[in-house]
Amino acid sequence: MAEVGDNSKAALIEALNGALADTMALYFKTKNFHWHVAGPRFRDLHLLFDEQAAQLIGTVDAIGERVRKNDEYTLTSIGSVGKQARIKDQDDVTITADAMVAELRDDNRKLHERLGEVKDAADEIGDNATSGVVDDWIDLCEERIWFLNQTSK
């Protein structure tokens, strides 16, 4: 394991906090779409978005605790999430159901990329615990992408 001042460890913490920011931003967007979806597929999409939001919020604490287990600090506020998130807000509550599905699919792809950065950074410093748990987060993300991609066809 890397020493506290090690640049490689700093890269891991940065990647973890970035993944945390994107997970929280994607959670909020997914709940937004859950609340605002409309149209003939309302029930199916309302339930799908809620399931996916539950998955996302379920990983938030685990990501934050990985940072703390490395004796570092994590995100502290909505503002800190906003500064680090690559997932962009969507405040238009009138977008179509199809647009919601496509946007969530694309945003999950962004999160997948960020989780890959966590995996690479963990492997770089030999943090086997983080490397192992991020595999689970990646798998869940791939499942969300798969469901959203199939739904968009």
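Right above here is the structure, for reference.
Note that the structure is a prediction, hence the values are computed from the model and not measured.

**Comments concerning the packing of helix α4 (residues 97-125) against helix α5 (residues 128-151)**
- Remark: α4 packs on α5, axes separated minimally by 9 Å, with the N-to-C direction vectors making an angle of 165°. If you check the angle between α4 and α5, you find them roughly antiparallel. The interaxial crossing formed by α4 with α5 has left-handed handedness.
- Looking at the contact of α4 with α5 residue by residue, the classes come out as 12 nonpolar, 7 polar and 7 charged.

**Section: the pattern of salt bridges**
- Scanning the model with the defined rule gives 13 salt bridges in all.
- Between Asp107 and Lys29 there is a salt bridge; the shortest N-O distance is 2.5 Å. Of this pair, Asp107 sits in helix α4 while Lys29 is found in helix α1 (residues 7-36), placing the two residues 78 residues apart along the sequence. Across the pair, exposure class does not vary: Asp107 and Lys29 are buried alike.
- Here Lys110 makes a salt bridge to Asp107, at a shortest N to O gap of 3.6 Å. With Lys110 and Asp107 both in helix α4 and 3 residues apart, the pair spans about one turn of that helix.
- Take Lys110: its relative accessible area is 35%, and that puts it in the partly exposed class.
- Salt bridges linked by common partners bring Lys29, Glu103, Asp107 and Lys110 together as one network.

**What to know about the nonpolar core**
- If you look at the biggest cluster of nonpolar residues, it comprises 39 residues, and the most contacted ones within it are Leu12, Leu16, Leu45, Phe49, Leu115 and Val118.
- At the level of elements, α1, α2 (42-69), α4 and α5 are the ones that each hand at least two residues to this core.
- Dropping the residues within four chain positions of it, Leu45 is found in contact with Val37, Ala97, Val101 and Thr151.

**Comments concerning the side chain of Arg114**
- Following the sequence through the fold, Arg114 ends up in helix α4.
- If we ignore the near neighbours within four places in the chain, the residues touching Arg114 are Ala15, Gly18, Ala19, Asp22, Gln84, Ala85 and Arg86.

**A short note on the side chain of Thr30**
- Along the polypeptide, Thr30 turns up in helix α1.
- Using a relative accessible area of 1% as the deciding quantity, one classes Thr30 as buried.
- A distance of 2.7 Å separates a polar atom in the side chain of Thr30 from the backbone oxygen of Leu26.
- Thr30 has contacts with Phe49, Gln52, Ala53, Leu56 and Leu104, leaving out every residue within four places of it along the chain.

**Points about the environment of Ala54**
- Take Ala54: it is sitting in helix α2.
- Judged by relative accessible area, Ala54 falls into the partly exposed class, the value being 48%.
- Taking the C-alpha atoms as reference, Ala54 lies 19 Å from Gly18; in sequence the two are 36 residues apart.

**Re the packing of aromatic side chains**
- The full count for this structure, using the stated rule, is 3 aromatic pairs.
- Taking 6.5 Å as the distance between ring centres and 85° as the angle between the ring planes, the aromatic pair formed by Phe28 and Trp35 counts as edge-to-face.

Cut-offs applied
- Residues numbered from 1 in each chain as written.
- Predicted model: local features only at pLDDT ≥ 70, side-chain atom pairs only at ≥ 80, totals over all residues.
- Heavy atoms only, no water.
- Axes fitted to C-alpha atoms, helices over the stretch in contact; angles between N-to-C directions.
- Helix = DSSP H or I, 4+ residues; strand = E, 2+ residues; numbered from the N terminus.
- Parallel < 35°, antiparallel > 145°, perpendicular 65-115°, else oblique.
- Left-handed = near helix turned anticlockwise from the far one by under 90°.
- Nonpolar A, V, L, I, M, F, W, Y, C, P; charged D, E, K, R; others polar.
- Salt bridge = Lys/Arg side-chain N within 4 Å of Asp/Glu carboxyl O.
- Buried < 20%, exposed > 50% of the residue type's maximum accessible area, 1.4 Å probe, protein only.
- Core = buried A, V, L, I, M, F, W, Y, C linked by side-chain atoms within 4.5 Å.
- Contact = heavy atoms within 4.5 Å.
- Polar contact = N/O pair within 3.5 Å; in protein donor to acceptor, adjacent residues only side chain to side chain.
- Phe/Tyr/Trp six-rings, centres within 6.5 Å; stacked < 30°, edge-to-face > 60°.

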